[in-house]
Amino acid sequence: MRYDQIDSKLFIKNRKSFMAGMKANSLAVFNANDIFPIGADSTMPFQQNRDLFYLSGVDQEEAILVLFPDAPKPEHREILFLTETNPHIAVWEGAKLDKEKALEVSGVETVYWLQDFEKIFFEVMSQCETVYFNTNEHYRANVQTETRDDRFIKWCKEKYPAHQVAKSNPILQRLRSVKDPVELDLMQKACDITEKAFRRALKFTKPGVWEHEIEAEYWHEMIRNRSRGFAYTPIIASGNNANVLHYTENNQQCKEGDLILLDTGAEYANYSSDMTRTIPVSGKFSDRQKQIYKTVNKVKKEATKWLVPGTIWADYHKEVGELMTSELLDLGLLDKADVQNEDPKWPAYKKYFMHGTAHNIGLDTHDYGILTEPMKPNQVFTVEPGIYLPDEGFGIRLEDDVVIQPEGEPFNLMRNIPIEVEEIEEVMNS
């Protein structure tokens, strides 16, 4: 890991909170992610299962965490299973966690090697009635690859068919959506790295550079600040590319007079940031670009104020849509007839602003959170309105990450990142 080691107190607290939500005489199992193959002997860079990381801090493949709060043996109430390190592994891959380091990282006192898993697991399963399985139930999930957890669930159901089963996800949804102060500090670090990378990109951008060259500037600054890189596939969208919401080719030359939409956030210690800015290739906005930009920024500022405890996510989006409708009427992009004749399922403003305004963010860029429940303090949301004008050859989106406070407006983790027209132009021309 590149990041500074996180105090194990966070993971001890997270496990305690999770176990408090479990049924009596039950255990829960969490598996590390696979290392996914590319071809031949090539693999994708490893990224840890976020639920396992949240509960243990272990950032290593093939790890298994078992939680059994009512275990007859106190040492079996929390168990980590890890690959046993050896000199061969140390030479070829670097040393894995030994038992002492695993305790330091996770706070879990009982650590077994993976070779003992089936034996120990048989013992604890004979003592429990219910097993909690870990499944991905995010509202945007579209998983087509069988995961390590998926294979474990199949194996466990076949080997232990008489046990009751339960889902870990509903407990984790609530826990992970409300951030601990330590998590907020980690997310602030990710946002601070994003700021450094963005400022570097502002200085670099000029007519004739290529989108992928700007992406490279981001990579350089992120990695030198101990990030693994982008928290998600970056969008460097110049000109009309900005009107493709998930444009990731980043292979076009940036032309004088165009805008570039930069949807680019760094990760740090597995925690995400998610920032969008729109900047002028030439270092100065045209009057029309400035008009639309300031409208988007106005909507963003107002929409941010509404992220307070008690707000319902669906109601929030409806209210932001009404605000955007009013602004689009003022701009002349909509007229009263458009609004009067709109389809309630796809309001008129959606022609120019077709995506949502906010999502949970944390260990995942689109993080867990039960969206039908009122918002709570220490939840972190993005705020990201946009206006997209393909006929005019540009699109503008602005996005920050904010923390809901017990009272008043949310706290902006990206408060130091330039966003006003004058700030952007000043940095680009300094």
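The structure under discussion appears in the preceding block.
For the structure given in this document, a descriptive report is provided here. Computed from a predicted model, the values in this text were never measured in an experiment.

### Thoughts on the pairing of strand S15 (residues 386–389)
Point 1. Both faces of S15 are covered, namely the face carrying Gly-386 and Tyr-388 and the face carrying Ile-387 and Leu-389.
Point 2. Where S15 lies against strand S16 (residues 394–397), four bridges are found, and the strand directions are antiparallel. Considered in S16, the bridge of Gly-386 is made with Arg-397.
Point 3. Two successive antiparallel strands, S15 and S16, enclose a turn made up of four residues, where Gly-393 displays a positive phi of approximately 80°.

### Some details on the pattern of salt bridges
Point 1. Applying the stated criterion to the full structure yields 30 salt bridges.
Point 2. Among the salt bridges present, the one from Glu-123 reaches Lys-73, with a minimum N-O distance of 2.8 Å. Taken as a pair, Glu-123 in helix H5 (residues 117–125) and Lys-73 in the loop between strand S4 (64–67) and strand S5 (78–82) lie far apart in primary sequence, 50 residues in all.
Point 3. A residue is classified by how much of its surface remains accessible, and Lys-73, at 35% relative accessible area, is partly exposed.
Point 4. For the salt bridge of Lys-298 with Glu-327, the shortest nitrogen-to-oxygen distance reads 3.1 Å. With Lys-298 in helix H10 (residues 287–305) and Glu-327 in helix H11 (residues 313–331), this residue pair connects regions lying 29 residues apart in the sequence.
Point 5. Note on Glu-327: relative accessible area 8%, which makes it buried.

### Structural notes on the sheet that holds strand S9 (residues 235–238)
Point 1. Reading across from one edge, S9-S10-S13 is the order of the three strands in this open sheet, with antiparallel pairing throughout. Lying at the two open borders of the sheet, with one neighbouring strand each, are S9 and strand S13 (276–280). This sheet shows a mean twist of 15° between the axes of neighbouring strands, independent of strand direction.
Point 2. As defined by bridge partners, S9 adjoins strand S10 (residues 259–263) across four bridges and the pair is classed as antiparallel. Looking at the pairing, Ala-237 lines up with Leu-261 of S10.

Scoring rules and cut-offs
Residues numbered from 1 in each chain as written. Predicted model: local features only at pLDDT ≥ 70, side-chain atom pairs only at ≥ 80, totals over all residues. Heavy atoms only, no water. Buried < 20%, exposed > 50% of the residue type's maximum accessible area, 1.4 Å probe, protein only. Helix = DSSP H or I, 4+ residues; strand = E, 2+ residues; numbered from the N terminus. Pairing = 2+ DSSP bridges. Salt bridge = Lys/Arg side-chain N within 4 Å of Asp/Glu carboxyl O. Axes fitted to C-alpha atoms, helices over the stretch in contact; angles between N-to-C directions.

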